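# Topology and contacts: notes
Spelled out, the chains give:
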Amino acid sequence: MKRLKMFALGLLLASSVITLQSCNDDDDMDSTYYPNALVTLKTNAQTGAFYMQLDDSTTLVPTNIKTAPYGGKEVRALVNFKDMANTDEHSAKTVYVNWIDTIRTKPMVLSVGDDDAKVYGDDPIDIVNSWATVVEDGYFTLRFRTLFGSGEPHVLNLVKGDAPYEVVLRHDAKGDTQGYPADGMMAFRLDKLPDTEGKTVLLTVKWKSFGGERKAQFKYCTRK
C-alpha cells in the first residue's frame, strides 16, 4: 500500500451525509513535484498503444511513453503531465508525461453478511475530502487517513452494500491501532455494481470513522 507522499493535509469529511463532486485539476499545476491528474493506465486492445483515461470521456496520449508500463496492467495512478496538443478537443489530448506513481488498485468484494466485520475488519478510518477522492471511469479512488505505528500493513476492502448502489469501506489495521495519523491512497474497481444503463445515479459509500459511522454520496455512471 502506497502512502500519499506529497499532498497537503485536506479536510476530513465531517458531515454524516454529503455529496462529493469529481475534480481532476489542482490549483498548482506548474510544479512537476506535485500530481496534476488522477488517471487509469490502459492499453488499446487493437493497437497495443498505451494511453491514460483522465475521466469518463477524456484520454491522454503520451508522446514519450509508447509501451504500457507495469506489464500493461490496468491500474489507477497519479501523474504529472504537460499538455502538448489536442488530437480531438472532445476526447483526447497529446501530453508529455513527467512521472507516474501507481495507486494500489483492487476489485470490490461481496458481503458475507453478519461476518463482514470479522472477515474484512472493523477498525476506524477516515476518507479525506480531496480532489483525489473521486468516482470516475468505473473506479472509486480515495485518499484515506488512519493511525500507523508498528509498520504492519493495513488491509482495505470495498464491500458491496445492501442497496444496489451502496458500498462499505472496511479497514483491518491488523492490530496496528496506535501511532500517528498518516494518509494513503487506494482505488477499487466498481465491478460488482449493477449497470446504470447510461444513467447517472448516486453511489453511497459508508465507513466507520474515528468520529462514528459516516456516509457520502458520489455521482456514478457505469463505465462505457
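Now for a look at the structure at hand. (Residues numbered from 1 in each chain as written. Predicted model: local features only at pLDDT ≥ 70, side-chain atom pairs only at ≥ 80, totals over all residues. Heavy atoms only, no water.)

## Side note on the nonpolar core
For clarity, the cut-off: Working definition of a nonpolar core: buried Ala, Val, Leu, Ile, Met, Phe, Trp, Tyr and Cys residues. They are joined through side-chain atoms within 4.5 Å. Note on exposure labels: buried denotes an accessible area under 20% of the residue type's maximum, exposed denotes more than 50%, and partly exposed covers the range between, all computed with a 1.4 Å probe on protein chains only. Runs of E in the DSSP output that reach at least two residues are strands. Runs of H or I that reach at least four are helices, and both are numbered from the N terminus. By the convention used here, residues are in contact when the closest approach between their heavy atoms is within 4.5 Å.
Counting 24 residues, the largest nonpolar core has Phe140, Leu169, Leu190 and Leu203 as the members making the most contacts within it. Elements represented by at least two residues in this core include exactly β11 (139-148), β12 (155-160), β13 (166-172), β14 (180-189), β15 (201-209) and β16 (212-220). Contact partners of Leu203, with chain neighbours within four places excluded, come to Val135, Tyr165, Glu166, Val167, Leu190, Leu193, Ala216, Gln217, Phe218 and Tyr220. Counting 16 residues, the second largest nonpolar core, distinct from the first, contains Ile65, Ala68, Val75 and Phe81.

## Some thoughts on the pairing of strand β3 (residues 37-43)
To keep it simple, the criterion reads: DSSP bridges decide pairing: two strands pair if at least two such bridges lie between them.
Here β3 lies mainly inside the structure; six of its seven residues are buried. Taking the residues between adjacent antiparallel strands as the criterion, β3 and strand β4 (residues 50-53) are bridged by six residues, where Gly48 takes a positive phi near 80°.

## Side note on the packing of aromatic side chains
Our working rule: Aromatic rings from Phe, Tyr and Trp, taking only the six-membered ring of Trp, are treated as a pair when their centres fall within 6.5 Å; an angle between ring planes under 30 degrees marks them as stacked, one over 60 as edge-to-face, and anything in between as tilted. A ring is scored as having a charge over it whenever the NZ atom of a lysine or the CZ atom of an arginine sits within 6 Å of its centre and within 35 degrees of its normal.
For the structure on display, the rule yields two aromatic pairs. Seen from their ring centres, Tyr165 and Tyr220 are 6.3 Å apart, and the 50° between their planes marks the pair as tilted. Here Tyr165 is found in the loop between β12 and β13, whereas its partner Tyr220 is found in strand β16, with 55 residues between them in sequence. Positioned over the ring face of Tyr96 is Lys82, at 5.7 Å from the centre of the ring.

## Quick look at the side chain of Ser209
To be explicit about the condition: Whenever two N or O atoms come within 3.5 Å, that pair is a polar contact, provided that in protein one can donate a hydrogen and the other can accept it, and provided that, for residues adjacent in sequence, both atoms are side-chain atoms.
When you line up the elements, Ser209 lands in strand β15. The exposure class of Ser209 is buried, given its relative accessible area of 4%. Within the local environment of Ser209, its side chain forms a polar contact with the backbone oxygen of Gly212, the two atoms lying 2.8 Å apart.

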